[in-house]
Amino acid sequence: QNMTASSSRIISRQITPSLIASLKSQSLKAASQFPDYNFRQYFSRITTEDFEKLERDIADGEGNLVAMPERIQKAYEKLQERHLLMQRQVQIHALYSRRTSFMDNPSGEMETVSPASKKSVDEMHAREDEEEQV
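What counts and how
- Residues numbered from 1 in each chain as written.
- Predicted model: local features only at pLDDT ≥ 70, side-chain atom pairs only at ≥ 80, totals over all residues.
- Heavy atoms only, no water.
- Helix = DSSP H or I, 4+ residues; strand = E, 2+ residues; numbered from the N terminus.
- Buried < 20%, exposed > 50% of the residue type's maximum accessible area, 1.4 Å probe, protein only.
- Areas by Shrake-Rupley, 256 points an atom, 1.4 Å probe, with all protein chains shown as cover.
- Axes fitted to C-alpha atoms, helices over the stretch in contact; angles between N-to-C directions.
- Parallel < 35°, antiparallel > 145°, perpendicular 65-115°, else oblique.
- Contact = heavy atoms within 4.5 Å.
- Salt bridge = Lys/Arg side-chain N within 4 Å of Asp/Glu carboxyl O.
- Expected span 1.5 Å × (residues − 1).
- Arc of directions from axis to C-beta.

Digging into the overall build of the chain
And step 1. Within the chain, the secondary structure is distributed over five helices and zero strands.
And step 2. Along the chain, helices and strands appear, N-terminal first, in the series α-α-α-α-α.
And step 3. Looking at the 134 residues of the chain, the share that counts as buried comes to 26%.
And step 4. Carbon and sulfur atoms form 52% of the exposed surface of the chain, whose accessible area is close to 9600 Å².

A look at the packing of helix α3 (residues 37-58) against helix α4 (residues 69-95)
And step 1. Close contact between α3 and α4 brings their axes to 11 Å; oriented N to C, the two are set at 170 degrees. The angle between α3 and α4 places the two elements in the roughly antiparallel class. Counting all contacts with α3, which are made through Phe39, Phe43, Thr47, Asp50, Phe51, Leu54, Asp57 and Ile58, the residues of α4 involved are Arg71, Ile72, Ala75, Leu79, Arg82, Met86 and His93.

Looking at the pattern of salt bridges
And step 1. Tallied over the full model, the rule gives two salt bridges.
And step 2. The shortest N-O distance in the salt bridge between glutamate 49 and arginine 45 comes to 3.9 Å. A residue pair is termed a helical-turn pair when its members lie 3 or 4 positions apart in one helix, as glutamate 49 and arginine 45 do in helix α3 at four residues.
And step 3. Since its relative accessible area comes to 45%, arginine 45 is described here as partly exposed.
And step 4. Salt-bridge contacts for arginine 82 lead to aspartate 50; the nearest nitrogen and oxygen are separated by 2.0 Å. Taken together, the positions of arginine 82 in helix α4 and aspartate 50 in helix α3 put the pair 32 residues apart, joining distant regions of the chain.
And step 5. The class for arginine 82 is partly exposed, based on a relative accessible area of 31%.

Digging into helix α2 (residues 17-32)
And step 1. End to end, α2 covers 23 Å across 16 residues, agreeing with the expected 22 Å (1.5 Å per residue, within 8%).
And step 2. Every buried residue of α2 is listed here: Leu19, Ile20, Leu23, Ser27, Ala30 and Ala31. Burial along α2 is one-sided: seen end-on, the buried residues are contained in an arc of 110 degrees. Structural note: α2 exposes Ser18 and Lys29 on the side pointing more than 90 degrees away from its buried face.
And step 3. For α2, the elements touching its buried residues are α3 and α4.

Considering the environment of phenylalanine 34
And step 1. Residue placement: phenylalanine 34 occurs in the loop between α2 and α3.
And step 2. Relative accessible area serves as the criterion here: at 2%, phenylalanine 34 is assigned to the buried category.
And step 3. When the C-alpha atoms of phenylalanine 34 and isoleucine 92 are compared, they prove to be 9.6 Å apart, with 58 residues separating the residues in sequence.
And step 4. Apart from residues no more than four positions distant in its own chain, phenylalanine 34 is found in contact with Phe39, Arg40, Phe43, Met86, Gln89, Val90 and His93.

On their own, these measurements won't tell you what the molecule is for.
Next up, the structure:
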């Protein structure tokens, strides 16, 4: 039911090049928020490729929309749904512990602690160090 409500809101909007550019920007921002390097790179790449394909399919060389409005609407809705999916996946990935990729930590140390719990682990280690000194 929620998807129906959001879809009906989309249908009432006229899709413009600036609206497409805004969705692209939001999607790239969502892709950049993945905690894992490999996911960030993958979603950034497919987002860029999808929007380039959309621009080739529906616009002329000067940015004017030339495809049928229904086709533009359908393509926009698909990209918007993918954007919302990406946002949900970012939240899910942030909830679970993960190993840090070498690309995220070039010093070579591999961490197995999520960023959310890293602070509490650091505090625990600091207390242990203080206890050893006493």
